[in-house]
Amino acid sequence: MHERPRDPSGPVLGIETSCDETAAAVLDADGRILAEAVLSQLAEHARFGGVVPEIAARAHLAHLPAMVGSVLRAAGLSWGDLAAVAASAGPGLIGGLIVGSGFAKGAALARGLPFVAVNHLEAHALTARLPGLLGEASPAPVAFPYLLLLISGGHCQCVAVEGVGRYHRLGGTVDDAVGEAFDKAAKLLGLPWPGGPALERLAAAGDATRFALPRPMLGRAGCDFSFSGLKTAVAQRVAAFPPGPLPRAAAADLAAAFQAAVVAVLADRLRNALAAFAARYPSLPPGRRLAVAAGGVAANGAIRAALAGAAEAAGFTLAVPPVRLCTDNAVMVAWAGIERLRLGLVDPLDTAPRPRWPLEALTGAGGPDAPPREAA
Ligand code: KG4
Ligand code: ZN
């Protein structure tokens, strides 16, 4: 059979199935988005109050093949036009990872394409470098290094992004992720899952001063987070009311107090992370000091405002990618694939998906614009 020669600078297909979003996207070699699709499985999981891994894996299997076909059609491409296939291979729920990375490997094998096993956290971390993404905040492509604050349902960490495959973790949660805390607090307040957006809406009607809630880690050195004590405090306040639904005003006041505590803690932790980052890169010019917030929790207006204030006070610009690229998506996976391909970093087809896969375990290379490491 005659095979067209591959264009190494051709488009890349990205696939995301690490949690409860089934997503596919095609980007050209310069990072322009040619087509993208995300299917959130909210309806499948809502009645269980959280993501059920088996249901997620089956839903990925049911939806991914047709979604990839429609994304390729929308981009006006066929398999033969692609330069590579990239898929999230961890960290995440193993069933979904097997579906997505298995599909990508099968396609790569059948079509003779390179395969890139993308670390999902690296995909979040590199999103800020998508050309044109940050608009006015950074019209030129974002150069390494920058600080990433990843705040989602599954992750909560501060990372110095130093190059493709080069990450320095400044701190992270010692218990729950911040989105998980939002979801648990929301459940205690009688809100539907996922609770973050509903809690933010309810908090807008509440008085944040009626209930005093703890602010774990506030004022402590370092950049670690802890949220389980805050969740327990919400549970105790709720338990002090008679059984049955909470009065609406009490629920709103508790939501406001919870959100205010999270805002204070995140801003405090970010301040420490910015100081640690600035100390690590003392010669970085002020105009190049960038902090990027990513993950579903970055959609919260009060949190964004507080983070932007903390960044500005420390001489940093805070950039937050558009919400659809902050939450789980395949554009970021395709883009991470492109970044890796440019450095010749492709993976063998027997690469196994990894439910745990910390950023620090990655190997890679500093990009062409990565400075040499400064003080360790
Ligand atoms: O990044 P994401 O879509 O998925 C992962 O966890 O990887 O983040 C989802 C999380 C959920 O915990 C959700 O409650 C939270 O982000 N979230 C919010 C808001 N929107 C989503 N938390 C607070 N305020 C919001 N507006
Ligand atoms: Zn994610």
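The present account deals with the structure reproduced in this document. (Residues numbered from 1 in each chain as written. Chains lettered and ligands numbered in written order. Predicted model: local features only at pLDDT ≥ 70, side-chain atom pairs only at ≥ 80, totals over all residues. Heavy atoms only, no water.)

**Remarks on the overall build of the protein chain**
Put simply, the rule reads: Put simply, DSSP H or I for four residues or longer makes a helix, DSSP E for two residues or longer makes a strand, and each gets a number counted from the N terminus. Computation of the radius of gyration draws on C-alpha atoms alone. For the globule rule, the value is 2.2 Å times the number of residues to the power 0.38. Throughout, exposure labels follow a simple rule: accessible area from a 1.4 Å probe, protein chains only, divided by the maximum for the residue type, with under 20% read as buried, over 50% as exposed, and the rest as partly exposed. Each accessible area is a Shrake-Rupley result for a 1.4 Å probe, and residues are judged covered by the shown protein chains and nothing else. We count Lys and Arg on the positive side and Asp and Glu on the negative side, and we leave His and both chain ends out. Positions of charges follow a simple convention, taking NZ of Lys, CZ of Arg, CG of Asp or CD of Glu.
In terms of regular secondary structure, the protein chain is built from eleven helices and ten strands. In terms of overall dimensions, the protein chain is globule-like: its C-alpha atoms have a radius of gyration of 21 Å, near the 21 Å expected for 376 residues. Principal axes of the C-alpha set define a box for the protein chain whose edges measure 75 × 50 × 35 Å. In the protein chain, buried positions account for 52% of the 376 residues. Here the protein chain displays about 15,200 Å² of accessible surface, and carbon together with sulfur accounts for 59% of that area. Computed over 32 positive and 31 negative side-chain charges, the inter-centroid distance for the protein chain is 3 Å.

**With respect to the nonpolar core**
Keep this limit in mind: Side-chain atoms within 4.5 Å are what join buried Ala, Val, Leu, Ile, Met, Phe, Trp, Tyr and Cys residues into a set we call a nonpolar core. Source of the domain bounds: an automatic or database domain assignment. Residues count as neighbours in contact if any of their non-hydrogen atoms are within 4.5 Å of one another.
Counting residues in hydrophobic clusters, the biggest one holds 65 residues, and the most contacted among them are Trp79, Leu126 and Tyr146. No other element matches the seven residues that helix 11 (residues 331-342) contributes to this core. Summarising the domain contributions, this core has at least three residues from each of domain 1 (12-130 + 324-361) and domain 2 (146-320). Residues in contact with Leu126, not counting those within four places in the same chain, are Phe144, Tyr146, Val161, Val164, Tyr167, Trp335, Ala336 and Glu339.

**Quick look at the sheet that holds strand 6 (residues 146-151)**
Keep this limit in mind: By this definition, two strands are paired if DSSP reports at least two bridges between them. For helices, the fitted axis covers only the stretch in contact; all axes are lines through C-alpha atoms, and the angles between them, taken along N-to-C directions, range from 0 to 180 degrees.
Across the sheet, five strands lie side by side as 8-7-6-9-10; this open sheet has mixed pairing. Strand pairing shows two members of the sheet lacking a second neighbour, strand 8 (166-172) and strand 10 (317-319), which therefore form its edges. Taken pair by pair, the neighbouring strands of this sheet meet at an average axis angle of 25 degrees, ignoring direction. Set on the sheet, helix 9 (residues 301-313) makes contact with strand 6, strand 9 (290-294) and strand 10; between it and strand 10 the angle comes to about 150 degrees.

**What about the coordination of the zinc ion (ligand 2)?**
Our working rule: Coordinating N, O and S atoms are those within 2.8 Å of the metal (3.2 Å for Na, K and Ca), and as water is not part of the atoms, a site may appear to have fewer donors than expected.
Of the protein atoms, only His120 (NE2), His124 (NE2) and Asp328 (OD) coordinate the zinc ion (ligand 2), at distances of 2.1 to 2.2 Å. One chain supplies every donor for the zinc ion (ligand 2), spaced along it as H-x3-H-x203-D. One end of the pair, His120, is in helix 4 (residues 120-126); the other, Asp328, is in the loop between helix 10 (323-326) and helix 11, with 208 residues separating them in the sequence. This pair shows no difference in class: His120 is buried, exactly as Asp328 is.

**Quick look at the side chain of Arg289**
Our working definition: The term polar contact refers here to a pair of N or O atoms within 3.5 Å; inside protein, the definition further demands a hydrogen-donor-capable atom paired with an acceptor-capable atom, and it admits residues adjacent in sequence only when both atoms are side-chain atoms.
Structurally, Arg289 can be placed in the loop between helix 8 (248-280) and strand 9. At 3.4 Å, the side chain of Arg289 forms a polar contact with the backbone oxygen of Leu284.

**Quick word on helix 11**
Selection rule: By definition here, a helix of n residues has an expected span of 1.5 Å times n minus one.
Here helix 11 is twelve residues long and its end C-alpha atoms lie 17 Å apart, about the 16 Å a rise of 1.5 Å per residue gives. Within helix 11, ten of the twelve residues are buried, leaving the element largely enclosed by the surrounding structure. Looking one or two places after helix 11, you find Gly344, whose phi comes out positive at around 75 degrees.

**Focus on the environment of Leu325**
In this structure, Leu325 sits in helix 10. Considered as a pair, Leu325 and Ala128 are 197 residues apart in the sequence and their alpha carbons are 9.3 Å apart. Excluding residues that lie within four positions of it along the chain, Leu325 makes contacts with Glu36, Thr127, Leu130, Leu133 and Val331.

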